[in-house]
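# Structure at a glance
Listed below are the residues making up each chain.
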Amino acid sequence: MDYKNAGVDIEAGYKSVELMKKYVQGTMRPEVLTNLGGFSGAFSLKKFMTMENPTLVSGTDGVGTKLKLAFLMDKHDTIGIDCVAMCVNDVICAGAKPLFFLDYIACGKNVPEKIATIVKGIADGCVESGCALVGGETAEHPGMMPEEEYDLAGFTVGIVDEKNILDKKNVKKGDVIVGLASTGVHSNGFSLVRKVFDIDNTEVLGKYKDELNGKTLGEALLEPTQLYVKPILKLLEEVDVHSISHITGGGFYENLPRAYGDNLNAVIHKGSWEVLPVFKLIQEKGNIAEHDMFNTYNMGVGMAVIVDGKDADRTIALMNEFGIKASVIGEMSEGDHSVVIE
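Figured I'd write up the structure that's included with this text. (Residues numbered from 1 in each chain as written. Predicted model: local features only at pLDDT ≥ 70, side-chain atom pairs only at ≥ 80, totals over all residues. Heavy atoms only, no water.)

## Observations concerning the pairing of strand β4 (residues 150-161)
Spelled out, the test is: For every residue, the accessible area obtained with a 1.4 Å probe (protein chains only) is divided by the maximum for its type, and the residue is called buried under 20%, exposed over 50%, and partly exposed between those limits. For the purposes of this entry, the term helix denotes a DSSP run of H or I that reaches at least four residues, the term strand denotes a run of E that reaches at least two, and both are numbered from the N terminus. By the convention used here, strands pair only if DSSP detects at least 2 bridges between them.
Most of β4 sits out of view: nine of its twelve residues are buried. Where strand β1 (residues 54-62) lies against β4, nine bridges are found, and the strand directions are antiparallel. Bridge pairing in β4 links Ser58 to Val157.

## With respect to the sheet that holds strand β10 (residues 339-341)
Through backbone hydrogen bonds, the strands of a sheet pair up, either in parallel or in antiparallel fashion. Let me state the cut-off plainly: Here the axes come from fitting lines to C-alpha atoms, over the contacting stretch only for helices, and the angles between their N-to-C directions go from 0 to 180 degrees. Contacts are assigned to residue pairs with any non-hydrogen atoms lying within 4.5 Å of each other.
Overall, mixed pairing links the six strands, which are arranged β6-β8-β5-β9-β7-β10 in an open sheet. Of all the strands in the sheet, just β6 (241-246) and β10 have a single pairing partner and so form its edges. The mean angle between the axes of side-by-side strands here comes to 25°, regardless of whether they run parallel or antiparallel. Where helix α7 (residues 229-238) meets the sheet, its contacts fall on β5 (176-181), β6 and β8 (301-307), and the angle it forms with β6 comes to roughly 165°.

## Overview of the pairing of strand β3 (residues 132-140)
Condition: By definition, the crossover connecting two strands over a helix is right-handed if that path, from the first strand to the second, turns clockwise as seen with the strands pointing away from the viewer.
Sheet topology places strand β2 (residues 97-107) next to β3; eight bridges connect them, and they run parallel. Within β3, the position partnered with Phe100 by the bridge is Ala132. Running through helix α4 (residues 112-129), the crossover from β2 to the neighbouring parallel element β3 is right-handed.

## Regarding the pattern of salt bridges
Which entries qualify depends on this criterion: Within this document, salt bridges are pairs made up of a side-chain nitrogen of Lys or Arg and a carboxyl oxygen of Asp or Glu, the two lying within 4 Å of each other.
This model, assessed by the stated rule, comprises 20 salt bridges. Where Asp175 meets Lys172, a salt bridge forms, and the shortest distance between an N and an O atom there is 2.8 Å. Judged by its relative accessible area of 0%, Asp175 is buried. Between Arg314 and Glu238 there is a salt bridge, and its shortest N-O distance comes to 2.8 Å. With Arg314 in helix α11 (residues 312-321) and Glu238 in helix α7, the pair connects residues that are 76 residues apart, well separated along the chain. Overall, the relative accessible area of 33% leaves Arg314 in the partly exposed class. Salt bridges linked by common partners bring Lys234, Glu237, Glu238, Arg314 and Glu321 together as one network.

## Focus on helix α1 (residues 10-25)
Because the α-helix completes a turn every 3.6 residues, residues three or four places apart line up on one side. Spelled out, the test is: A helix is expected to span 1.5 Å multiplied by its residue count minus one. At every residue, the bend is computed as the angle between two fitted axes, covering the seven residues ending there and the seven beginning there respectively.
For α1, spanning 16 residues, the distance from its first C-alpha to its last is 23 Å, which sits close to the expected 22 Å at 1.5 Å a residue. Leu19 marks where α1 bends most, by close to 30°. Where α1 is concerned, the buried positions are Ala12, Ser16, Met20 and Val24. On the buried face of α1, the contacting elements are α4 and β3.

## Topic: the nonpolar core
Rule in force here: To form a nonpolar core, buried Ala, Val, Leu, Ile, Met, Phe, Trp, Tyr and Cys residues must be joined to one another through side-chain atoms within 4.5 Å.
Counting residues in hydrophobic clusters, the biggest one holds 49 residues, and the most contacted among them are Phe101, Tyr150 and Leu180. Those residues in contact with Leu180, other than ones at most four positions away along the chain, are Tyr228, Ile232, Gly300, Val301, Gly302, Met303, Val305, Met319, Ile324, Lys325 and Ala326.

## Comments concerning the side chain of Thr156
As for its position among the elements, Thr156 is in strand β4. You can call Thr156 buried: its relative accessible area is 0%. Beyond its immediate chain neighbours, meaning those up to four positions away, Thr156 contacts Val57, Ser58, Gly59, Cys87, Val88, Val91, Pro98, Phe100 and Phe101.

## A look at the sheet that holds β2
Strands sit in the order β1-β4-β2-β3 across an open sheet of four strands; the sheet is mixed. Each edge of the sheet is formed by a strand with only one pairing partner; in this case those strands are β1 and β3. Each strand of the sheet is rotated relative to its neighbour by a mean of 15°, with strand direction disregarded. In this sheet, β4 lies alongside β2 in antiparallel orientation, the contact comprising ten bridges. Paired with Tyr104 across the bridge in β4 is Ala153. The strands touched by helix α3 (residues 79-91) are β1, β2 and β4; relative to β4, the strand with the most contacts, the crossing angle is about 30°. Packed onto the sheet, α4 meets β2, β3 and β4 and runs at close to 165° relative to β2.

## A closer look at the packing of aromatic side chains
Test applied: Each Phe, Tyr or Trp ring (for Trp, its six-membered ring) is paired with any other whose centre lies within 6.5 Å, and the angle between the two planes then decides the class: stacked below 30 degrees, edge-to-face above 60, tilted in between.
Under the definition given, this model contains seven aromatic pairs. Seen from their ring centres, Phe43 and Phe100 are 5.3 Å apart, and the 45° between their planes marks the pair as tilted. With Phe43 in the loop between α1 and β1 and Phe100 in strand β2, the pair connects residues that are 57 residues apart, well separated along the chain. Phe43 gets classed as buried once you look at its relative accessible area, which sits at 14%. A relative accessible area of 17% means that Phe100 is categorised as buried. With a centroid separation of 5.9 Å and an interplanar angle of 50°, the aromatic rings of Phe279 and Tyr297 are classed as tilted.

## Examining the side chain of Asp82
Quick reminder of the rule: Counting of polar contacts relies on pairs of N or O atoms within 3.5 Å, with two restrictions inside protein: one atom must be capable of donating a hydrogen and the other of accepting it, and residues adjacent in sequence are counted only when both atoms are side-chain atoms.
If you trace the backbone, Asp82 turns up in helix α3. Within the structure, Asp82 has its side chain in polar contact with the side chain of Thr225 (distance 2.6 Å). Residues in contact with Asp82, not counting those within four places in the same chain, are Val63, Lys66, His186, Ser187, Glu223, Pro224 and Thr225.

What follows is the structure, encoded as structure tokens:
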């Protein structure tokens, strides 16, 4: 008896690391002091000592049951982008620039080529966000997970001068809410999606091209989460951003109030942005109430930026320069910390 016979292939682990090295290397920043394969990752903060009070901001997340789509479609090259996006999009809401990222992959069986493909997606997300992939862990869990399945989570650290941390206290009555377009469902609400479409019946994943502008259901659902880091960092240089909300699990009703004070309401105007076809299809096929849709999904708005009205046009123009559609979707009013969709 040996470890391999018990279900853990150490040699496969070594091969995974070798295969992923070329992807990881592409994410490196000058501040990274260690190489892949050590016990930890080291990152120098010397460059940031010019800040008055450099402050680290951290975030961690996974991709939920969107993984089930990756399993069913046997497509693993973009799910890592989702993992990075869910972490760095949270950190940027504080005004922090992501510095580095670590991943954790738990799998039933280590198939080196599959693990390397997952890590390629993570590396792609890191490159797009300007953060280094400084380390991670691949854990083989025979007997706990089916051989063909895996779970994926990540962790990121960003930095911002304390005086520049975005504070919801800066939001005031009359401020406008600029919605930044999402690429689709992103990485939330997939448990409901799976119930609506019975996606275990894989035939359904090849349907609905007409309703989804030429994409199959599987393609639309697996579309990677939009990364907002570089556009938002540019925006912070040019515009006095009052607050930002990442529209994730809980949709509009849970996430918008996290970005403003208890004495305000967010008034959202339906029809002021494009609700993506995938959400219309989910609502129709699942016979889901409109309130529940806005309480579960991003509905086509992946990020909400709150600014003074005079800065709305510049905010929209900057997002357009990065290829992200944006529009004023509402404004702040006096209230009781609610979201009003009208």
